[in-house]
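# Report on the structure
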Amino acid sequence: MATLPALGSPEGAVQPCTMVIFGASGDLTHRMLLPALYNLALDGRLPARFAVVGFARTNWTNDEFREEARKAVEKYSRRSLDPAVWDGFAATLHYISGDYASDEAYDRLNEKLEVVKQAHGTEGNHLFYLAIPPGAFDDVVLQLGKGPHARTRDEDHGWSRVIIEKPFGEDLKSALELNALLHQVFREDDNYRIDHYLGKETVQNILVFRFGNGIMEPVWNRRYVDHVQMTVSESIGVERRGSYYDHSGALRDMMQNHMMQLLSLVAMEPPVTYDGRAVRNEKVKVL
Ligand code: NDP
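For the structure given in this document, a descriptive report is provided here. (Residues numbered from 1 in each chain as written. Predicted model: local features only at pLDDT ≥ 70, side-chain atom pairs only at ≥ 80, totals over all residues. Heavy atoms only, no water.)

### Observations concerning the site of the ligand
The full set close to the ligand counts 20 residues, and Ser25, Asp27, Leu28, Thr58 and Tyr100 are the nearest of them. A distance of 2.7 Å separates an oxygen atom of the ligand from a polar backbone atom of Leu28. At 2.5 Å, a side-chain N or O of Thr58 approaches an oxygen atom of the ligand. Here the ligand loses 72% of its free accessible area of 870 Å² to cover by the protein chains. Among the elements that take part in the shell around the ligand, helix H1 (residues 27–42) stands out by supplying three residues, more than any other. (Near = heavy atom within 4 Å. Polar contact = N/O pair within 3.5 Å; in protein donor to acceptor, adjacent residues only side chain to side chain. Areas by Shrake-Rupley, 256 points an atom, 1.4 Å probe, with all protein chains shown as cover. Helix = DSSP H or I, 4+ residues; strand = E, 2+ residues; numbered from the N terminus.)

Structure below.
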């Protein structure tokens with residue numbers, strides 16, 4: 001089997017793991033996740049012991065999934081496909097089809113995860129990425145809760161983390177319900193509620209601009225700032241996402257997530273440290 005480039009950082013900085021992508025046949029997986037993973041592979045930033053298991057209802061074999069992944073990378077990656085790196089990366093990709101609510105499908109998934117763990121040496125660490133419409137979150141989380149990868153306390157057989165993209169619920173009640181469901185299966189520290197705006201360079205630069213800058217920080221307050229305007233200018237329109245917008249609405253799509261994050265970063269006090277918890281606590285104080 002071809003191998004990935006060696007991990008750039010010291011062994012242990014990025015732990016071995018299997019990433020399980022639910023909704024592996026979908027748009028987010030094709031446009032974002034697979035190209036992003038491939039670019040990490042190109043930079044030697046994936047753990048040397050790493051694998052991906054795609055899960056969705058679409059009936060593909062491993063080879064068909066790899067072919068789909070190749071097309072996705074060719075179409076959406078920032079950098080073009082390097083055949084030598086691709087071969088190593090493609091060998092880490094696996095696929096299993098099944099229904100999100102079916103016990104039988106999760107039996108097969110869990111068997112596959114065991115095989116992949118042995119083959120790639122991923123040590124029982126699992127990252128579950130819910131790249132599925134929110135209507136399917138409950139089924140997947142409940143099924144994971146029944147299986148061997150549920151973790152509600154520290155245990156010594158590998159970690160289980162879950163990533164959920166926006167939207168996290170569609171109002172306070174449904175967000176709290178989803179949170180409660182996740183807490184039945186995963187520890188709070190293992191829940192990653194992702195807002196992809198936070199990965200944008202311009203957004204990340206706000207913190208540096210404010211707190212790493214001896215000129216700006218002293219005048220960044222109500223004595224010198226008259227008002228703040230935020231402009232979110234998109235270069236594309238609704239395109240083919242009409243049914244999505246009809247359902248969610250622009251306010252839910254942008255405001256309570258992306259705009260609130262920007263607002264918090266602009267208005268928060270300096271965090272005590274730059275770890276996620278300290279930054280989040282300062283944001284919460286603003287809100
Ligand atoms: P898709 O509509 O492409 O759905 C992903 C996959 O989920 C599909 O390929 C399909 O796979 C399965 N699926 C579709 N509808 C259902 C359903 N009703 N019930 C169960 N499974 C279904 O979604 P995206 O990939 O665009 O988005 C995935 C998640 O990421 C969503 O929560 C979305 O809100 C979020 N997100 C997406 C972004 C993007 O750029 N696409 C940006 C930000 C957030 P199969 O039929 O093979 O099972």
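Read on for the rest.
### What to know about the nonpolar core
The biggest cluster of nonpolar side chains holds 56 residues, and the ones touching the most others in it are Phe22, Trp86, Leu109 and Leu130. Per-element tally for this core: the top contributor is strand S2 (residues 50–56), with six residues. Here Leu109 is in contact with Val20, Phe22, Val53, Phe55 and Ile96, once residues within four sequence places are set aside. Ranked by size, the runner-up nonpolar core spans 10 residues in total, among them Ile206, Phe211, Leu262 and Met268. (Core = buried A, V, L, I, M, F, W, Y, C linked by side-chain atoms within 4.5 Å. Buried < 20%, exposed > 50% of the residue type's maximum accessible area, 1.4 Å probe, protein only. Contact = heavy atoms within 4.5 Å.)

### Structural notes on helix H4 (residues 103–120)
Along an α-helix, residues three or four apart share an orientation, since each turn contains 3.6 residues. Along its 18 residues, H4 runs 25 Å from first to last C-alpha, staying within 8% of the 26 Å computed at 1.5 Å per residue. Of the surrounding elements, those touching the buried residues of H4 are strand S1 (17–22), S2, helix H2 (62–76), strand S3 (93–97), strand S4 (126–130) and helix H5 (137–146). Note on H4: the residue one or two positions beyond its end, Gly121, has a positive phi of about 65°. (Expected span 1.5 Å × (residues − 1).)

### With respect to unusual backbone geometry
In the segment running from Lys166 into Pro167, the intervening peptide bond is cis, with an omega of 0°. Of note, Pro167 is situated in the loop between strand S5 (160–164) and helix H6 (172–185).

### Concerning the packing of aromatic side chains
According to the stated counting rule, one finds 14 aromatic pairs in the structure shown. Relative to Tyr106, the ring of Phe22 has its centre 6.2 Å away and its plane inclined at 25°; by these criteria the two rings are stacked. Of this pair, Phe22 sits in strand S1 while Tyr106 is found in helix H4, placing the two residues 84 residues apart along the sequence. Owing to a relative accessible area of 0%, Phe22 belongs among the buried residues under this scheme. Of the aromatic side chains, those joined through ring pairs into one cluster are Phe22, Phe55, Tyr100, Tyr106, Phe128 and Phe186. The ring of Trp159 carries Arg161 above its face, with NZ or CZ at 3.8 Å from the centroid. Lying across the ring of Tyr197, Lys200 places its NZ or CZ 5.1 Å from the centre. (Phe/Tyr/Trp six-rings, centres within 6.5 Å; stacked < 30°, edge-to-face > 60°. Lys NZ or Arg CZ within 6 Å of the ring centre and 35° of its normal.)

### A short note on the pattern of salt bridges
If the charged atoms of two oppositely charged side chains come close together, the side chains can form a pair. Considering all chains together, one arrives at 16 salt bridges under this definition. Among the salt bridges present, the one from Glu114 reaches Lys117, with a minimum N-O distance of 3.7 Å. Residue Glu114 and its partner Lys117 are both found in helix H4; the two are separated by three residues, about one turn of the helix. Of the charged contacts, one joins Arg187 and Asp190 as a salt bridge, the two residues approaching to 3.0 Å between their closest N and O atoms. Among the charged side chains, a salt-bridge network with shared partners connects Arg161, Arg187 and Asp190. (Salt bridge = Lys/Arg side-chain N within 4 Å of Asp/Glu carboxyl O.)

### Brief notes about the pairing of S3
Burial within S3 is extensive, with five of its five residues counted as buried. Both faces of S3 are covered, namely the face carrying Leu93, Tyr95 and Ser97 and the face carrying His94 and Ile96. Relative to S3, S2 runs parallel, the two sharing five bridges. Looking at the pairing, Val53 lines up with His94 of S3. (Pairing = 2+ DSSP bridges.)

### So, the side chain of Arg151
Mapped onto the elements of the fold, Arg151 is located in the loop between H5 and S5. On the basis of relative accessibility, which here comes to 4%, the residue Arg151 falls in the buried class. A distance of 3.0 Å separates a polar side-chain atom of Arg151 from the backbone oxygen of Pro148. Excluding its chain neighbours within four sequence positions, the residues that come into contact with Arg151 are Gly124, His157, Gly158, Trp159, Ser160, Val185, Phe186 and Arg187.

### Observations concerning the pairing of S1
S1 sits mainly inside the fold: six of its six residues count as buried. On S1, burial covers both faces: Cys17, Met19 and Ile21 on one face and Thr18, Val20 and Phe22 on the other are all buried. Looking at chain direction, S1 and S2 are connected through six bridges and run parallel. By the bridge assignment, Thr18 is partnered in S2 with Ala51. In this view, the connection linking S1 to its parallel neighbour S2 by way of H1 has right-handed handedness. (Right-handed = clockwise from strand over helix to strand, strands pointing away.)

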